[in-house]
Amino acid sequence: MEYPINKSKLKTFFLVLHILLVVVLIADYGYSLPLWLDYCFLGFYTFSLVIAIFFHALKLYRSEERHFRIDLLDGISIAFIIICLYEQFIDDGTTLVVSDWMRWATILVLIRGANLPKIGYKRSVLNPAQLFIISFIGLIGVGTFLLMLPNSTYGDISLVDALFTSTSAVCVTGLSVVDIGTYFTRFGQTIIMLLIQAGGLGILTFASYFSYFFKEGATYENQIALSDITDSKKIGEVFTTLRRILVITFTVEIIGAFLIFININPKLIPQLGERIYFSIFHSVSAFCNAGFSTLSNGMMEAGFVTNYRFQLTVITLFVFGGLGFPIVINTLRYLKHLIKRYFLFFVYGRDNYIPWILTLSSKINLITTSILIVAGTGILYLKEYSSAFASHSGIGKFVTALFTATTPRTAGFNTIDFNQLQFSSIILIILLMWVGASPASTGGGIKTSTFAIGTLNFLSLAKGKKKIELFRREIADISVRRAFAVMSLSFIVIGTGIFLISDLDNNIELLDIAFECFSAYSTTGLSLGITGLLSDSSKVVLVGMMFVGRVSMLTILIAVFRKSKTLTYRYPGDEILIN
């Protein structure tokens, strides 16, 4: 005889169980515990894992609708948990001390069961902009708490420094008031890496896709909100877009980690595990344009400053990450189309022409990115050839110039001391930081498309045109208005930041403060060496600038102001004297 299962009580039970598991994991990882408490945690882990095995097995047995993907995940979860229990109690032989196997199995249970509470999103309560901002605030808060745990650092860390580091990681900036490599433990560095990954892609991207992946569906309102956040053209393509973003991200990061691993000298990092971790950390940090490094002197560390193959790998990662997912996806579709049309024509035929497969947005951003890289590299190469690049020779000067020209576009790594640059070169770096990466990418700044539209606008005005035309297309008026709004707001935020820090730390040079503020707003992470010298009040100002730069001031204004109703009337137009 089968007994009915009270689903409401079951969900409540698992919700409580998962909350307790999170608390236990935080205590286990974050604190040095007495042995008796470790025994208690082992018992609780074991109980939770046995319950998870029973639950997944029962779900497989009683499920009325079969979903191959869900069933496969449940089967893999059961197998992995059994393996972890075997390693803990049989193979390891140490049955009273919690092993990493038990922790990994518990984390899997939490990830697999994270979708149990059904949380519905209501646009009438929060609009997508507000939801986007709240997700970043929540992630920064969680990161600050985790970085303040005793096992996260080798010493004490203040609330302001923990907040600064968490914000810098979530906003993929890279500015740091402490040495990441020596101040934070492996646990703390891992927290920073996870914050970089979640902040670079957006916590909503992970949460929404995994919820959809495990539940086989999502509400209509959730899809509308995600379509606004991911810039999907069709609501039905939201989760397809999310899947592509995650696949591209993890594929590129894995390849990048492998290339970094094979291009570093084993003598510099003798232990295999340390070398693997170093490769993964820097691959994630580079692709997400974060600029964090476990090296005390960054890429200027001995053995890395002249490792040009390693530097070229890092350049490729952060340039690729800064292109923007819509542009990358569109470009891949275009390359696929070219291969079909010109190389596999005997299969698909030559008449498979698709008009405008490469969008105007992709063309503008790719061209602007290429111009900035080429022009920046050329100017810096010529200006700093015998100055900041004097210690390099041959191809090394070119790679260093390329690195120095591309890293300001929100990457934040450095292979030279930026204080050695000439004043005019620093001004060029500030301009490159202000422009930043492409839209919908892991980078910041006003974006290449905004800079391109601003440039095209004054060229059109000089020619007497009333509209901006490019590649036989007319740029929409709303895009022009948004571009100039973004540029104006950027100067307001940066100017305010410079004013406040100049007042709070008036002993610091204005150029150093301006450089720091442009770096914070554009989430670049470069500095002229004043970050650690700032007062707590100035650090809080930079925290605010990093946050505003990541979510954009325009998004904050959209979240604050109520959307006006569309009206059918129009007032008579009138020109205003400009110059």
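About the thresholds
- Residues numbered from 1 in each chain as written.
- Predicted model: local features only at pLDDT ≥ 70, side-chain atom pairs only at ≥ 80, totals over all residues.
- Heavy atoms only, no water.
- Helix = DSSP H or I, 4+ residues; strand = E, 2+ residues; numbered from the N terminus.
- Buried < 20%, exposed > 50% of the residue type's maximum accessible area, 1.4 Å probe, protein only.
- Contact = heavy atoms within 4.5 Å.
- Areas by Shrake-Rupley, 256 points an atom, 1.4 Å probe, with all protein chains shown as cover.
- Axes fitted to C-alpha atoms, helices over the stretch in contact; angles between N-to-C directions.
- Parallel < 35°, antiparallel > 145°, perpendicular 65-115°, else oblique.
- Nonpolar A, V, L, I, M, F, W, Y, C, P; charged D, E, K, R; others polar.
- Core = buried A, V, L, I, M, F, W, Y, C linked by side-chain atoms within 4.5 Å.
- Left-handed = near helix turned anticlockwise from the far one by under 90°.
- Phe/Tyr/Trp six-rings, centres within 6.5 Å; stacked < 30°, edge-to-face > 60°.
- Lys NZ or Arg CZ within 6 Å of the ring centre and 35° of its normal.

Q: Would you explain the overall build of the chain in this entry?
A: From N to C terminus, the chain includes 23 helices and two strands. Within the chain, buried positions represent 49% of all 579 residues. Considering only intrachain contacts with a sequence separation of at least 6, the fraction spanning at least 24 residues in the chain is 71%. As displayed, the chain offers around 29800 Å² of accessible surface, 65% of which is attributable to carbon and sulfur atoms.

Q: Hey, could you run me through the packing of helix α20 (residues 477-504) against helix α22 (residues 536-551) in this one?
A: For any two helices packed against each other, one specifies the crossing angle of their axes together with the interaxial distance. Between α20 and α22, the shortest axis-to-axis distance is 9 Å and the interhelical angle comes to 170 degrees. One finds that α20 runs roughly antiparallel with respect to α22. Touching Val493, Ile494, Gly497, Leu500, Ile501 and Leu504 of α20 are Ser537, Ser538, Val541, Leu542, Met545 and Val548, all from α22. Taken together, the residues of the contact of α20 with α22 break down into nine nonpolar, three polar and no charged.

Q: I would appreciate a short explanation of the nonpolar core in the present structure.
A: A general feature of soluble globular proteins is that nonpolar side chains tend to end up buried together. Judged by nonpolar contacts, the single largest core of 107 residues is most densely connected at Ile192, Ile196 and Phe515. Leaving out residues up to four positions away in the same chain, Ile196 has contacts with Ala169, Val172, Val284, Ser285, Cys288, Ala290 and Phe292.

Q: What is the right way to read unusual backbone geometry from this model?
A: Among all residues save glycine, negative phi is the norm, and among peptide bonds the norm is trans. Although it is not a glycine, Phe471 sits at a positive phi angle of roughly 50 degrees. Mapped onto the elements of the fold, Phe471 is located in the loop between β1 (469-470) and β2 (473-474). Its identity as a non-glycine residue notwithstanding, Arg472 has a phi of 60 degrees, on the positive side. Checked against the element boundaries, Arg472 lands in the loop between β1 and β2.

Q: Would you mind showing me how to read the packing of helix α5 (residues 128-147) against helix α6 (residues 159-170) here?
A: Their axes nearest at 8 Å, the elements α5 and α6 cross at an angle of 130 degrees. One element, α5, and the other, α6, form an angle in the oblique class. Seen from above, α5 lies across α6 with right-handed handedness. When α5 is examined against α6, the residues Phe136, Leu139, Ile140, Gly143, Thr144 and Leu147 are found in contact with a partner set consisting of Leu159, Ala162, Leu163, Thr165, Ser166, Thr167 and Val170. Taken together, the residues of the contact of α5 with α6 break down into eight nonpolar, five polar and no charged.

Q: Can you help me understand the packing of aromatic side chains in this one?
A: Here a ring pair, both rings aromatic, is described through the centre-centre distance and the interplanar angle of the planes. Counting across every chain of the model gives 13 aromatic pairs. Each ring, one from Phe318 and one from Phe403, has its centre 5.7 Å from the other, and the planes form 85 degrees; the classification is edge-to-face. Of this pair, Phe318 sits in helix α13 (residues 308-321) while Phe403 sits in helix α17 (residues 395-406), placing them 85 residues apart in sequence. Of the two residues, Phe318 and Phe403, neither departs from the other in class, the shared state being buried. Considering the side-chain rings of Phe418 and Phe515, the 6.4 Å spacing of their centres and the 50 degrees angle between planes classify their relative orientation as tilted. Here the residue Phe418 occupies a position in the loop between α17 and α18 (423-435), and Phe515 occupies one in helix α21 (residues 510-521), the gap between them amounting to 97 residues. Phe515 shares its class with Phe418; the two are buried. Lying across the ring of Phe471, Lys363 places its NZ or CZ 5.1 Å from the centre.

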